[in-house]
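Next come the chains, spelled out residue by residue.
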Amino acid sequence: MARIIDGKAISQKIKDELKEEVARKKSEGKNACLAVIQVGNDPASTVYVGNKKKACAYIGIDSKSYELPEETTQDELLNLIDKLNDDPKITGILVQLPVPEHIDEDTIIRRISPLKDVDGFHPMSVGALCIGEKGFVSCTPAGIIKLLKYSDIDIEGKECVVIGRSNIVGKPMSLLLLRENGTVTICHSRTRNLKDVCKRADILVVAIGKPGMINDEYIKEGAVVIDVGIHRKADGKLCGDVDFESVEPKCSAITPVPGGVGPMTIAMLMYNVVSAM
Ligand code: NDP
């Protein structure tokens, strides 16, 4: 039977460690404030924003909310970002994605100062990761590295296969695994013989956005399987990109959905906010 990697418990541990670090930094006169901007009222975004504000309160950091109407123009949003970039009290800026269609996501991401880019999406943050320099790292992949480390799973020298090459998950995930000295293969929708490639993996990270697509036929006996996907099924329950029932008996460790990767994303956002103090 596989070990279930408990993202909820590990993220709680990280938040508790951060809480202590915040108290220590505050006693040295340092402070942090996360500005959270939401445009429109997409219900899922409202939940994510609420959870981020709650996490800030838990670790003892101020947060400031900017809830802007759906019809906010791109220029209005850029002006707000400029104001926050210039405000020394604001140490981190986060624009909840997706933004409405009339606003260009890339333009918004690029306007946030790399010094306050706690999501790690700015090209300078991504570039820093690529060449091994210090900078903010995208929260979900950074959280996966923490999950592996807290679970005493070695990455060095391992065959690591990442399915998905998005800018926020797949690509930074691959770079982080490489930084940890894994031997990394990236798969995507044009990959041939996906099953064979996945079967080479000692560590398989699945970020394809297709509910339950990865079953036991993609898994090497004893592999570690990290499921990044989140989907809501017709019955209201959550599931991932991995068919848990079929994969779990074959692997050595696996993240569940919910309670695996998901909680780590917010914990790592807090990690980034604290590191900017
Ligand atoms: P994207 O849709 O941006 O990327 C999906 C990737 O999967 C693409 O690179 C695509 O290839 C690849 N892909 C799609 N279909 C196949 C296939 N049949 N075979 C091989 N590769 C395929 O998704 P994200 O990276 O943003 O997210 C992935 C999943 O993770 C989603 O379910 C999302 O909800 C979840 N997620 C969870 C988070 C969390 O906190 N737990 C945070 C972020 C995302 P190509 O590039 O060729 O199109």
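Residues numbered from 1 in each chain as written. Predicted model: local features only at pLDDT ≥ 70, side-chain atom pairs only at ≥ 80, totals over all residues. Heavy atoms only, no water.

**With respect to the overall build of the protein**
Helix and strand counts for the protein come out as ten helices and eleven strands. Computed over C-alpha atoms, the radius of gyration of the protein comes to 19 Å, within 12% of the 19 Å expected from 2.2 N^0.38 for 277 residues, which places it in the range of a compact globule. Projected onto its principal axes, the C-alpha positions of the protein cover 55 × 45 × 40 Å. Taking all 277 residues of the protein together, the buried fraction comes to 47%. The contacts of the protein with a sequence gap of at least 6 include a subset with a gap of at least 24, amounting to 71%. (Helix = DSSP H or I, 4+ residues; strand = E, 2+ residues; numbered from the N terminus. Rg over C-alpha atoms; globule rule 2.2 N^0.38 Å. Buried < 20%, exposed > 50% of the residue type's maximum accessible area, 1.4 Å probe, protein only. Contact = heavy atoms within 4.5 Å.)

**Some words on the site of the ligand**
Of all residues adjacent to the ligand, which total 22 residues, the nearest are Arg 165, Ser 166, Ser 189, Lys 210 and Thr 265. In isolation the ligand has 920 Å² of accessible area, and contact with the protein removes 70% of it. Of the residues contributing to the shell around the ligand, the split by class is nine nonpolar, ten polar and three charged. (Near = heavy atom within 4 Å. Areas by Shrake-Rupley, 256 points an atom, 1.4 Å probe, with all protein chains shown as cover. Nonpolar A, V, L, I, M, F, W, Y, C, P; charged D, E, K, R; others polar.)

**Observations regarding a negative patch on the surface**
Together, Asp 42, Glu 70, Glu 71, Asp 75 and Glu 76 line one region of the surface with negative charge. Looking at the element boundaries, Glu 70 is found in the loop between strand 3 (62–68) and helix 3 (74–86). (Patch = residues over 30% accessible without salt bridge, like charges linked within 9 Å, V, L, I, M, F, W, Y side chains within 5 Å. Salt bridge = Lys/Arg side-chain N within 4 Å of Asp/Glu carboxyl O. Lys, Arg positive; Asp, Glu negative; His and termini not counted. Charge placed at Lys NZ, Arg CZ, Asp CG, Glu CD.)

**Some details on helix 10 (residues 262–275)**
Between the first and last C-alpha of helix 10 there are 21 Å, a value that for 14 residues agrees with the 20 Å anticipated at 1.5 Å per step. Among the residues of helix 10, Met 264, Ile 266, Ala 267, Met 268, Leu 269, Met 270, Asn 272, Val 273 and Val 274 are the ones counted as buried. At its buried positions, helix 10 is contacted by helix 1 (7–27), strand 2 (33–39), helix 2 (43–59), strand 4 (92–95) and helix 6 (139–150). (Expected span 1.5 Å × (residues − 1).)

**Side note on the confidence of the model for the protein**
Taken over all residues, the pLDDT of the protein has a mean of 97, while the share at 70 or more is 100%. Here strand 9 (residues 231–232) stands out as the least confident element of the protein, with mean pLDDT 93; strand 7 (residues 203–206) is the most confident, with 99. (pLDDT = per-residue confidence, 0-100.)

**A look at the packing of helix 6 against helix 10**
The description of two packed helices rests on the angle between their axes and on the distance between the axes. Relative orientation of the contacting elements helix 6 and helix 10 amounts to 100°, with a least axis distance of 8 Å. By the criterion of interaxial angle, the relationship of helix 6 to helix 10 is roughly perpendicular. Residues Cys 139, Thr 140, Ala 142, Gly 143, Lys 146 and Leu 147 of helix 6 form the contact with helix 10, whose participating residues are Met 264, Thr 265, Met 268, Leu 269, Tyr 271 and Asn 272. Of the residues that constitute the contact of helix 6 with helix 10, the class distribution is seven nonpolar, four polar and one charged. (Axes fitted to C-alpha atoms, helices over the stretch in contact; angles between N-to-C directions. Parallel < 35°, antiparallel > 145°, perpendicular 65-115°, else oblique.)

**Quick word on the nonpolar core**
Counting residues in hydrophobic clusters, the biggest one holds 49 residues, and the most contacted among them are Leu 34, Leu 148, Leu 177 and Val 205. Considering each element in turn, this core owes the most residues, eight residues, to helix 10. When residues of this core are sorted by domain, at least three fall in each of domain 1 (29–115) and domain 2 (139–262). Leave out the neighbours within four places in its chain, and Leu 177 touches Ile 145, Leu 148, Ile 155, Cys 160, Val 162, Gly 182, Val 184 and Val 205. Residues Ile 163, Val 197, Cys 198 and Ile 214 belong to the second largest nonpolar core, which totals 19 residues. (Core = buried A, V, L, I, M, F, W, Y, C linked by side-chain atoms within 4.5 Å. Domains from an automatic or database assignment.)

**A closer look at the sheet that holds strand 11 (residues 253–254)**
Taken together, the six strands give an open sheet; going across it, the order is 1-11-8-7-5-6, and neighbouring strands pair in parallel fashion. The open sheet is flanked by strand 1 (3–4) and strand 6 (183–187), the only strands paired with a single partner. (Pairing = 2+ DSSP bridges.)

**Observations regarding the packing of aromatic side chains**
Scanning the entire structure with this criterion turns up zero aromatic pairs. Over the ring of Tyr 58 we find Lys 19; its NZ or CZ atom is 4.2 Å from the centre of that ring. (Phe/Tyr/Trp six-rings, centres within 6.5 Å; stacked < 30°, edge-to-face > 60°. Lys NZ or Arg CZ within 6 Å of the ring centre and 35° of its normal.)

**Let's talk about the side chain of Ser 151**
Structurally, Ser 151 can be placed in the loop between helix 6 and strand 5 (159–163). Overall, the relative accessible area of 7% leaves Ser 151 in the buried class. Separated by 2.6 Å, the side chain of Ser 151 and the backbone oxygen of Leu 147 make a polar contact. Excluding anything up to four places from it in sequence, Ser 151 contacts Arg 3, Ile 5 and Ile 10. (Polar contact = N/O pair within 3.5 Å; in protein donor to acceptor, adjacent residues only side chain to side chain.)

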